[in-house]
Amino acid sequence: MKKTAIFLAEGYEEIEALTVADICRRCGVEVKLVSVTEERWVRGSHHVNVEADMCFSQVDFQEYDMLVLPGGMPGTRNLEAHEGLMTQVDAFYAAGKYIAAICAAPSILGHRGILKGRKACCYPGFESHLEGAEVTKEPVEVSGNVITSRGMGTAIDFALAVAGVFCGREKAEEMAESLVYRV
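A brief structural summary. (Residues numbered from 1 in each chain as written. Predicted model: local features only at pLDDT ≥ 70, side-chain atom pairs only at ≥ 80, totals over all residues. Heavy atoms only, no water.)

### Some details on the side chain of Ser-35
Looking at the secondary structure, you find Ser-35 in strand β2 (residues 30-35). Within the structure, Ser-35 has its side chain in polar contact with the side chain of Thr-37 (distance 3.0 Å). Polar side-chain contacts of Ser-35 include one of 2.6 Å to the backbone oxygen of Glu-39. Every residue in contact with Ser-35, bar those within four places of it in the chain, is listed here: Leu-8, Arg-40, Val-42, Ala-52, Met-54, Cys-55 and Phe-56. (Helix = DSSP H or I, 4+ residues; strand = E, 2+ residues; numbered from the N terminus. Polar contact = N/O pair within 3.5 Å; in protein donor to acceptor, adjacent residues only side chain to side chain. Contact = heavy atoms within 4.5 Å.)

Okay, here's the thing in structure tokens:
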């Protein structure tokens, strides 16, 4: 079974993180919510507290196939400030493993040079941070092993794209139908 880690930093966008966790789990993808601190409870940008499955120090990154970075403020800045997580983002990219980011979080990938020569999208106003990317206004862009999305309103599209990587497009479309999404 493929495994995905979704990283929660103080101020993350709740809908972006939890929609991915929910839809991926419904599709049979193993998902772990990971606090980037040593505290399992993480407060989102709209003051929703969520208990992560584990803390950053407990993650065996060799077991994971994808890293997911939700947006939100100051969540995005807090993710980018975490050196250990940025080391893993770089390692996953170098290894050709999947990295996914939504809302403001694709800016992290832009700052790290991961978006050069790729199509990418992000929350309006963050386009200048997608360094080297062909910026689009699509709800989601899948460019090789990198997935980006625009924001809370595209969270279901993003989650279906993330799940679809591991369970296939047909299963993702079945899931969309069962969610009564774009029927």
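Further notes follow.
### Examining the nonpolar core
Ile-6, Leu-8, Val-20, Val-68, Ile-147, Phe-158 and Val-162 are the most contacted members of the largest nonpolar core, which has 32 residues in total. Broken down by secondary-structure element, the contributors of at least two residues to this core are β1 (3-8), α1 (14-26), β2, β6 (66-69), β7 (98-102), α5 (155-167) and α6 (169-178). Here this core gets seven residues from one element, more than from any other, and that element is α5. Those residues in contact with Leu-8 that lie beyond four places of it in its chain are Ala-17, Leu-33, Val-34, Ser-35, Val-36, Val-42, Val-50 and Ala-52. Listed in part, the 29 residues of the second largest apolar core include Phe-56, Phe-61, Ala-105 and Ala-120. (Core = buried A, V, L, I, M, F, W, Y, C linked by side-chain atoms within 4.5 Å. Buried < 20%, exposed > 50% of the residue type's maximum accessible area, 1.4 Å probe, protein only.)

### Some thoughts on the pairing of β6
Side-chain positions along a regular strand alternate between the two faces of the sheet. Covered by surrounding structure in β6 are Met-66 and Val-68 together with Leu-67 and Leu-69, the residues of both alternating faces. Here β1 pairs with β6 via three bridges, running parallel. Its bridge partner being in β6, Ala-5 is matched across the sheet by Leu-67. Here four bridges tie β6 to β7, and the two strands are oriented parallel to one another. Residue Met-66 lies in a different strand from β7, and its bridge partner there is Tyr-98. (Pairing = 2+ DSSP bridges.)

### Considering the pattern of salt bridges
Tallied over the entire structure, the rule returns seven salt bridges. Of the charged contacts, one joins Arg-26 and Asp-22 as a salt bridge, the two residues approaching to 2.4 Å between their closest N and O atoms. With Arg-26 and Asp-22 both in helix α1 and four residues apart, the pair spans about one turn of that helix. (Salt bridge = Lys/Arg side-chain N within 4 Å of Asp/Glu carboxyl O.)

### Comments concerning unusual backbone geometry
A cis amide bond, omega 10°, links Met-73 with the succeeding residue Pro-74. Among the secondary structure elements, Pro-74 is positioned in the loop between β6 and α2 (75-80). The backbone phi angle of Cys-103 is positive, close to 70°, even though this residue is not glycine. Structurally, Cys-103 can be placed in the loop between β7 and α4 (106-111). Accessibility expressed as a relative area gives 10% for Cys-103, which makes it buried. Of note in this structure, Val-180 is not a glycine but carries a positive phi near 60°. With respect to the secondary-structure elements, Val-180 resides in the segment after α6.

### Section: α6
All of the buried residues in α6 are Ala-172, Met-175 and Ala-176. For α6, the arc enclosing every buried residue in end-on projection is 100°, short of the 170-degree limit, so these residues lie on one face. Summarising the geometry of α6, the exposed residues directed more than 90 degrees from the buried face are Glu-170, Glu-177 and Ser-178. Of the residues trailing α6, Val-180 is marked for its positive phi of about 60°. (Arc of directions from axis to C-beta.)

### Examining the environment of Asp-157
Within the secondary structure, Asp-157 sits in helix α5. Separated by 20 residues in sequence, Asp-157 and Glu-177 have C-alpha atoms that sit 12 Å apart. Those residues in contact with Asp-157 that lie beyond four places of it in its chain are Pro-139, Val-140, Tyr-181 and Arg-182.

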